[in-house]
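Architecture at a glance
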Amino acid sequence: DAGITQSPRYKITETGRQVTLMCHQTWSHSYMFWYRQDLGHGLRLIYYSAAADITDKGEVPDGYVVSRSKTENFPLTLESATRSQTSVYFCASASQGGGSNTQYFGPGTRLTVL
Amino acid sequence: AQKITQTQPGMFVQEKEAVTLDCTYDTSDQSYGLFWYKQPSSGEMIFLIYQGSYDEQNATEGRYSLNFQKARKSANLVISASQLGDSAMYFCAMRELYTGTASKLTFGTGTRLQVTL
């Protein structure tokens, strides 16, 4: 079935390691987003992308890197993981960036940094 | 800056009863959209309902309705005839509508709803 998928669903890593979280959508949506969810903060935007090769920072971008070479993929890389990056990460996509267009979310990746 | 406040960390409701989840927002924008998402224990985020700041009528989607009071800056979610499957975390979110580039969703901290028999 089409939609938005994330992999891995669960990841445990150690401080200082590089980790890449994958996001893939089959709707050909132009916009893609990465959020992190932490208790007491709701969801916060890390990075977003308006199209292939166009990315921009969100509210909490430090320590993260994104790329978007293809419309359907939007990987998120933690270059040197820290314990504070333990969180649940959600990828989302939308056909438009603003307006009433709904962002549709992937199932999430639970990342634990030891 | 936009801000969403959900003051109810947890709510209980009996099955078949209606429940209102509160959401207040703060923004200096004239044009904005308000969203509600449901997050069940399985973790996914499910879009429920949308209300635009210029919409004159309150949005409804099945058993969900949004009680939009613009002057009070509130956008409460009303769930009628609660079902056990409604037990979940509910998030209110907002964003600007008419910006040149993608605009972020600002989320509240959520309300955990528990439906009881």
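Keep in mind that what you see is a predicted model, and the values were worked out from it rather than measured.

All right, on to the overall build of chain B then. Along chain B, the regular secondary structure elements total zero helices and twelve strands. Traced from its N-terminal end to its C-terminal end, chain B shows the element sequence β-β-β-β-β-β-β-β-β-β-β-β. Taking 13 Å as the expected radius of gyration for a compact globule of 117 residues, we find that chain B reaches 14 Å, a close match to that expectation. Projected onto the principal axes, the alpha-carbon positions of chain B cover approximately 45 × 30 × 25 Å. The contacts in chain B between residues at least 6 apart in sequence include a share of 56% that link residues at least 24 apart. Surface summary for chain B: the accessible area is close to 5,700 Å², and the carbon and sulfur share equals 48%. Both charge centroids of chain B, one from 10 positive and one from 11 negative side chains, sit 4 Å from each other.

This next bit is on the overall build of chain A. Per the secondary structure count, chain A includes zero helices and eleven strands. Each helix (α) and strand (β) of chain A, taken in turn from the N terminus, gives the series β-β-β-β-β-β-β-β-β-β-β. In terms of C-alpha radius of gyration, chain A reaches 13 Å, essentially the compact-globule figure of 13 Å for 114 residues. Projected onto its principal axes, the C-alpha coordinates of chain A cover approximately 40 × 25 × 25 Å. The buried share of chain A, reckoned over its 114 residues, is 48%. Partitioning the contacts of chain A with sequence separation of at least 6, the portion at a separation of at least 24 is 55%. Accessible surface for chain A amounts to roughly 5,400 Å². Of this, 46% is attributable to carbon and sulfur atoms. Positive and negative charge centroids in chain A, built from 10 and 9 side chains respectively, lie 7 Å apart.

This part covers the interface of chain A and chain B. At the junction of the two partners, chain A supplies 22 residues and chain B supplies 21 residues. At the boundary of chain A and chain B, one finds two residue pairs in polar contact (both at pLDDT 80 or more). Among the elements of the structure, strand 4 (31-38) and strand 5 (42-51) of chain A are those that each provide at least two residues to the side of chain A that touches chain B.

Once that is clear, we can look at the sheet that holds strand 8 (residues 76-78) of chain A. In a beta sheet, neighbouring strands are held together by backbone hydrogen bonds and run either parallel or antiparallel to one another. Residues and elements named next belong to chain A. Strand order in the open sheet formed by four strands is 1-3-8-7, with antiparallel pairing between adjacent strands. For this open sheet the edge positions go to strand 1 (4-7) and strand 7 (64-66), each flanked by a neighbour on one side alone. In this sheet, adjacent strand axes meet at a mean angle of 20° when their direction is disregarded. For strand 1 and strand 3 (residues 19-25), the ladder comprises four bridges, and the chain directions are antiparallel. Within strand 3, the position partnered with Thr5 by the bridge is His24.

Looking now at unusual backbone geometry. Residue and element names in this part refer to chain A. Of the consecutive residues Ser7 and Pro8, the connecting peptide bond is found in the cis state with omega at -10°. The phi dihedral of Ser28 is positive, around 60°, even though this residue is not glycine. Within the secondary structure, Ser28 sits in the loop between strand 3 and strand 4. The phi torsion at Asp53 lies on the positive side, around 70°, for a residue other than glycine.

What follows deals with the nonpolar core. Counting residues in hydrophobic clusters, the biggest one holds 25 residues, and the most contacted among them are Trp36, Leu77, Tyr90 and Leu113 of chain B. Only strand 2 (10-14), strand 3 (19-21), strand 5 (32-39), strand 6 (46-52), strand 8 (64-69), strand 9 (74-79), strand 10 (88-96) and strand 12 (111-116) of chain B provide two or more residues apiece to this core. Element by element, the count of residues in this core is highest for strand 10 of chain B, at four residues. For Leu77 of chain B, the contacting residues outside a window of four places in its chain are Val19, Thr20, Leu21, Trp36, Leu48, Ile49, Tyr64, Ser65 and Tyr90 of chain B. Counting residues in hydrophobic clusters, the runner-up holds 20 residues, among them Ala92 and Ala94 of chain A together with Met89 and Phe107 of chain B.

Any two side chains of opposite charge can pair, given that their charged atoms come close. Going through the model one piece at a time under the given rule, you end up with five salt bridges over all chains. A salt bridge links Asp38 of chain A to Arg36 of chain A; the nearest nitrogen and oxygen atoms lie 2.8 Å apart. In terms of burial, Asp38 of chain A and Arg36 of chain A fall into one category: buried. One salt bridge connects Asp26 of chain B with Lys73 of chain B, and the closest N-O pair in it is separated by 3.7 Å. On the criterion of sequence distance, the pair formed by Asp26 of chain B in strand 4 (residues 24-26) and Lys73 of chain B in the loop between strand 8 and strand 9 is long-range, its members being 47 residues apart.

Each value, and the rule that gives it
- Per chain, residues are indexed from 1 in the order of the written sequence.
- Numbering of ligands from 1 and lettering of chains from A proceed in the order in which they are written.
- Residue-level local features of this predicted model are given only where pLDDT is at least 70; pairs of side-chain atoms are given and counted only at 80 or more, and the full residue set underlies all totals for whole chains, interfaces and linings.
- Working from all heavy atoms in the structure, the side-chain values ignore hydrogens and water.
- Elements are defined by DSSP. Helices are runs of H or I of four residues or more, strands are runs of E of two residues or more, and each kind is numbered from the N terminus.
- As defined in this context, the radius of gyration uses C-alpha atoms, and a globule is described by 2.2 Å times the residue total to the power 0.38.
- Contacts were defined at the residue level, with two residues in contact if any of their heavy atoms lie within 4.5 Å.
- Areas reported here follow the Shrake-Rupley algorithm with a probe of radius 1.4 Å; residue values treat only the protein chains shown as occluding.
- All tallies of charge rest on Lys and Arg as positive and Asp and Glu as negative; His and the ends of each chain are not included.
- The atom standing in for a charge is NZ when the residue is Lys, CZ when it is Arg, CG when it is Asp and CD when it is Glu.
- Exposure is judged per residue with a 1.4 Å probe applied to protein chains only, and the accessible area is read against the type maximum: over 50% gives exposed, under 20% gives buried, and values in between give partly exposed.
- Throughout this description, a polar contact denotes any pair of N or O atoms lying within 3.5 Å of each other; where both atoms belong to protein, one of them has to be capable of donating a hydrogen while the other can accept it, and for residues adjacent in sequence the pair is counted only when both atoms sit in side chains.
- Two strands form a pair only when DSSP identifies at least two bridges running between them.
- All axes are obtained by fitting lines to C-alpha atoms, using only the stretch in contact for helices, and the reported angles, taken between N-to-C directions, cover 0 to 180 degrees.
- Throughout this description, the term nonpolar core refers to a set of buried Ala, Val, Leu, Ile, Met, Phe, Trp, Tyr and Cys residues connected via side-chain atoms within 4.5 Å.
- Throughout this description, the term salt bridge denotes a Lys or Arg side-chain nitrogen within 4 Å of a carboxyl oxygen of Asp or Glu.

These figures come from the coordinates and say nothing about function on their own.
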